[in-house]
Amino acid sequence: VLVLKPNNSWYGDTSKPIAFTAYEMAEQTDYTYSSRIWNTSSFGWLPTALSTVSRSLSPARDSLELKIRNDKGSEMFRKIRDKDAAFQDVDSWLSYFKGITIKTNAGDNGAVYAFKTDSATVMRMHYHSTWPYFEKHTIDFYLTRNEYQFNQILINRTGTPLEKKTDGQEEYFPDETHPFAFSQTGTGIMLKVKFPSLQDIKTLGKTIKLLQAVLVLKPVEGSFEQYTFPLCSSLFMAQTNATNIIGDQMTDVTGQNPLSAVPYIDDAYRLNTNYSFDITHYISYLLTLNNSAEMGMFALEENPGSATRLNRAVIGNRLNQQYTSQLKLTLLTTTE
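Residues numbered from 1 in each chain as written. Predicted model: local features only at pLDDT ≥ 70, side-chain atom pairs only at ≥ 80, totals over all residues. Heavy atoms only, no water.

Caption draft 1: Structural detail: the side chain of Arg145. When you line up the elements, Arg145 lands in the loop between strand S9 (135-142) and strand S10 (180-183). Within the local environment of Arg145, its side chain forms a polar contact with the side chain of Gln28, the two groups lying 3.5 Å apart. Among the polar contacts made by the side chain of Arg145, one reaches the main-chain carbonyl oxygen of Thr29 at a distance of 3.2 Å. With residues up to four places along the chain from it excluded, the contact list for Arg145 reads Gln28, Thr29 and Leu94. (Helix = DSSP H or I, 4+ residues; strand = E, 2+ residues; numbered from the N terminus. Polar contact = N/O pair within 3.5 Å; in protein donor to acceptor, adjacent residues only side chain to side chain. Contact = heavy atoms within 4.5 Å.)

Next up, the structure:
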C-alpha cells in the first residue's frame, strides 16, 4: 500500500470524493532549468495504474491509502526474497522503480490537498512467514529523492472571464459583465492595480498636499467561504509598470516592513470585507511624475515562482456597484 498523510492544508470542498490514481513513473524526474522543476515540467509514466481509490478526505484526521496492484507487489516481493540486483543498492533500486505520480480525474470537483513529503509518506509491503510459526511482517520504502518531488497544477479557464481570446494574451480587463479582477498566485494570476486618473487631482486647486492615501480592495461577496474557498490569508504589494515585470516589494510608512494587509471580514453585513493598504508614499511619488498612467502595483499572496497555496481573491473594481475598490485620498488644497 502507498500511504500518504495530508498536512492539514487544502483548498475546496473536502466533503466531495476525488479519484486518486497512482502510476509508476517511466522515467526519473530531473531538474528542467536552473536546479528547479517547474509547474510546466512533465515526465512519463506507465499506462497501467498501480492503484485507484475514490474517496473524500478529512485533511486533519485521515490518511490516504492506495493498495498497489497484486502483480506488482508480488513481483517486488520475489525480487527481495531472491536478492535481486534491483534491491542491492540505491541506484539499482531507482533504475528499477523510478517513482510514482498521483493524478486525479479531470471531472473531479472537490478539494486540492497538500500531503507531507517526510517519513509520513511510505510505500509499505505486507507479507508473512510461516516458520517456525505464522508471523506478519512489513517492509517500508520511504522517499529518497525529496528534492525532485513537485506538483503540477493544470488550468482550464474555458468559459471563464480569464479565457484567452487571442494567442499570447496575458492581460485581462474587467468589464460591465465581469466587474472584478483576480489574485491567485498559485495558478499564476496576479492582480494589477493602476491609477490612470491620478494626475487629475492636480486640477483641484493651486496648491495640493497629500496627507494620506489608502487603497481599499473589496472582495466580491459569494466568491469566498471560510472553510472551502478562503480568501488569500494576506496580500503584499510589489511595484510594476507597463512591462508587467514584478518590481521591488513595497514597504509600509516606516520603510522597514513589507506593505501587506490581512482581510477584514464583514461578518455582520457582508458588504465591507476588504484589504486596506496605506500607500501614501507611493502615491506621493506618482504625483511627482508627469505621466503615471502605466505605473501600478501587483497584489500578491506569494511570489508566483514559489507559490504553494491556491487561495484566491475576487476583487470588485470601479464598475462594480456593490463591491467597489477605492483609492481614498486625504488632500490639503487652496484656491489662492
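Caption draft 2: Representation of the nonpolar core within the structure. Counting 30 residues, the largest nonpolar core has Phe195, Leu217, Phe277 and Ile279 as its most contacted members. Looking at this core, the elements with two or more residues in it are strand S11 (191-194), strand S12 (207-217), strand S13 (235-240), strand S15 (275-278), helix H3 (280-287), strand S16 (296-300) and strand S17 (313-316). Setting aside anything within four residues of it in sequence, one finds Phe277 in contact with Ala213, Val214, Leu215, Leu217, Leu235, Met237, Leu259, Ser260 and Ala261. Counting residues in each nonpolar core, the second largest holds 21 residues, with Leu4, Leu66, Phe97 and Ala111 among its members. (Core = buried A, V, L, I, M, F, W, Y, C linked by side-chain atoms within 4.5 Å. Buried < 20%, exposed > 50% of the residue type's maximum accessible area, 1.4 Å probe, protein only.)

Caption draft 3: Geometry of H3. Taken together, the buried positions of H3 are occupied by Thr280, Tyr282, Ile283, Leu286 and Leu287. Considered in projection along H3, the buried side chains sweep an arc of 165 degrees and stay on one side of the axis. (Arc of directions from axis to C-beta.)

Caption draft 4: How the structure looks around unusual backbone geometry. Cis rather than trans, the peptide bond between Trp131 and Pro132 has omega equal to 5 degrees. Turning to its location among the elements, Pro132 is positioned in the loop between strand S8 (122-129) and S9. The phi angle at Ser34 is positive, at roughly 55 degrees, despite the residue not being glycine. Relative to the helices and strands, Ser34 is located in the loop between strand S3 (18-25) and strand S4 (45-55). Of the residues examined, Ser34 reaches a relative accessible area of 52% and is grouped as exposed. For Lys83, which is not glycine, the phi torsion reads 55 degrees and is therefore positive. Looking at the element boundaries, Lys83 is found in the loop between helix H1 (70-81) and helix H2 (90-96).

Caption draft 5: Spotlight on the sheet that holds S11. Pairing within the open sheet is antiparallel, and its 4 strands lie in the order S11-S16-S13-S14. Of all strands in the sheet, those with a lone pairing partner are S11 and strand S14 (260-261), marking the two edges. In the sheet, S11 pairs with S16 via 4 bridges, with the strands oriented antiparallel. From the neighbouring strand, Leu191 faces S16, where its bridge partner is Ala299. (Pairing = 2+ DSSP bridges.)

Caption draft 6: Spotlight on the pattern of salt bridges. Under the counting rule described, the total for this entry stands at 13 salt bridges. Arg270 is the salt-bridge partner of Glu221, the closest N and O atoms lying 3.1 Å from each other. Here Glu221, found in the loop between S12 and S13, pairs with Arg270, found in the loop between S14 and S15; they are 49 residues apart in sequence, far enough to count as distant. With a closest N to O distance of 3.2 Å, Asp267 and Arg270 form a salt bridge. Judged by relative accessible area, Asp267 falls into the exposed class, the value being 60%. Note on Arg270: relative accessible area 26%, which makes it partly exposed. (Salt bridge = Lys/Arg side-chain N within 4 Å of Asp/Glu carboxyl O.)

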